[in-house]
Amino acid sequence: MMAVDVRAVLADAGQGGAYFVDANDADSLAEAAALLDFAVLRIDLAGCTSKDRVLERFAQALRFPDWFGGNFDALADSLGDLSWLSAEGYLLLIEHSDAWRRADDDNFATLLDILNEAAVSWGDQGVPFWALMPLPGEQLGKLAF
């Protein structure tokens, strides 16, 4: 079996996007990203029951500027800028997302679209952007794609 060089994968700007990952791998992925001089940002969605609360958590964790408007359009704009967090790449660990995903699947799907669009935009500039959602391994197998 061939070993995967996680840093090489993370450094590939064309591979970035929003992905569910095994929670057991989250810390090692964060460490690999840090070694690449990425901004590693943890966004804890524990207890979030509304889109507004999720956006607040993103704004807090990513230290959005005062002009952040608190809606999905503003989230897309902010993720497309990140000039206040200049780095070689970005790795967002969006923790405890599953309860909100089950409670508000439509808005969760919109969030995934925004994260994937940000990854494409950053990738076009040669900057890796990853949004990883750690889940327990048994929950990964239950996801419907």
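Just so it is clear, the structure is predicted and the values come from calculations on it, not from any experiment.

Draft legend 1. Summary view of the overall build of the chain. Helix and strand content of the chain: seven helices and four strands. Projecting the C-alpha coordinates of the chain onto the three principal axes gives extents of approximately 45 × 35 × 20 Å. By residue count, 43% of the 145 residues in the chain fall in the buried class. Pairs at least 24 residues apart make up 68% of the contacts formed inside the chain by residues separated by at least 6 positions. Only carbon and sulfur atoms are counted for the fraction: they give 47% of the accessible area of the chain, which is about 7700 Å².

Draft legend 2. A look at a nonpolar patch on the surface. Together, Val 4, Val 6 and Val 9 make up an exposed nonpolar region whose accessible area comes to about 230 Å². Along the chain, the position of Val 9 falls in helix H1 (residues 6-11). Residue Val 9 is classed as partly exposed on the basis of its relative accessible area of 35%.

Draft legend 3. Main features of the pattern of salt bridges. Taken as a whole, this structure holds five salt bridges when the rule is applied. Taking the shortest distance from any N to any O, the salt bridge between Arg 42 and Asp 27 comes out at 2.8 Å. Pair noted here: Arg 42 is in strand E2 (residues 39-44) and Asp 27 is in helix H2 (residues 26-35), with a separation of 15 residues, a long-range link. Look at Arg 42 and you get partly exposed, because its relative accessible area is 39%. Residue Asp 27 is classed as partly exposed on the basis of its relative accessible area, which comes to 45%. Across the pair Glu 95 and Arg 42 runs a salt bridge whose closest N-O atoms are separated by 2.6 Å.

Draft legend 4. Expanded view of the environment of His 96. Structurally, His 96 can be placed in the loop between strand E3 (90-95) and helix H5 (98-103). With 69 residues separating them along the chain, His 96 and Asp 27 place their C-alpha atoms 14 Å apart. Beyond its immediate stretch of four places on either side in the chain, His 96 contacts Asp 44, Leu 45 and Ala 46. Side-chain polar atoms of His 96 contact the side chain of Asp 44, separated by 2.7 Å.

Draft legend 5. Geometry of the packing of aromatic side chains. One pass over the full model with this rule turns up eight aromatic pairs. Plain terms: the ring middles of Phe 64 and Trp 84 are 6.0 Å apart, the flat faces sit at 85 degrees to each other, and that makes the pair edge-to-face. In this pair, Phe 64 is assigned in the loop between helix H3 (51-61) and helix H4 (72-79) and Trp 84 in the loop between H4 and E3, connecting sequence segments 20 residues apart. According to the relative accessible area criterion, Phe 64 is buried, its value standing at 10%. Among the residues examined, Trp 84 registers a relative accessible area of 26% and is labelled partly exposed. Considering the side-chain rings of Trp 100 and Phe 108, the 5.7 Å spacing of their centres and the 70 degrees angle between planes classify their relative orientation as edge-to-face. You can call Trp 100 buried: its relative accessible area is 0%. By way of ring pairs, the aromatic residues Phe 64, Trp 67, Phe 68 and Trp 84 are connected into one cluster. Residue placement shows Lys 51 over the ring face of Phe 72; its charged tip is 5.0 Å from the ring centre.

Draft legend 6. Broad picture of H2. Inspection of H2 places Ala 26, Leu 29, Ala 30, Ala 32 and Ala 33 among the buried residues, and these make up the whole buried set. Buried positions in H2, seen along its axis, are confined to an arc of 160 degrees and lie on one side of it. For H2, exposure combined with an orientation more than 90 degrees from the buried face picks out Glu 31 and Leu 35. Where H2 is buried, its residues contact H1, strand E1 (17-22), E2, E3 and strand E4 (129-135). Immediately beyond the C-terminal end of H2, within one or two residues, lies Asp 37, with a positive phi of roughly 65 degrees.

Cut-offs and rules
Residues numbered from 1 in each chain as written. Predicted model: local features only at pLDDT ≥ 70, side-chain atom pairs only at ≥ 80, totals over all residues. Heavy atoms only, no water. Helix = DSSP H or I, 4+ residues; strand = E, 2+ residues; numbered from the N terminus. Buried < 20%, exposed > 50% of the residue type's maximum accessible area, 1.4 Å probe, protein only. Contact = heavy atoms within 4.5 Å. Areas by Shrake-Rupley, 256 points an atom, 1.4 Å probe, with all protein chains shown as cover. Patch = residues over 30% accessible without salt bridge, like charges linked within 9 Å, V, L, I, M, F, W, Y side chains within 5 Å. Salt bridge = Lys/Arg side-chain N within 4 Å of Asp/Glu carboxyl O. Polar contact = N/O pair within 3.5 Å; in protein donor to acceptor, adjacent residues only side chain to side chain. Phe/Tyr/Trp six-rings, centres within 6.5 Å; stacked < 30°, edge-to-face > 60°. Lys NZ or Arg CZ within 6 Å of the ring centre and 35° of its normal. Arc of directions from axis to C-beta.

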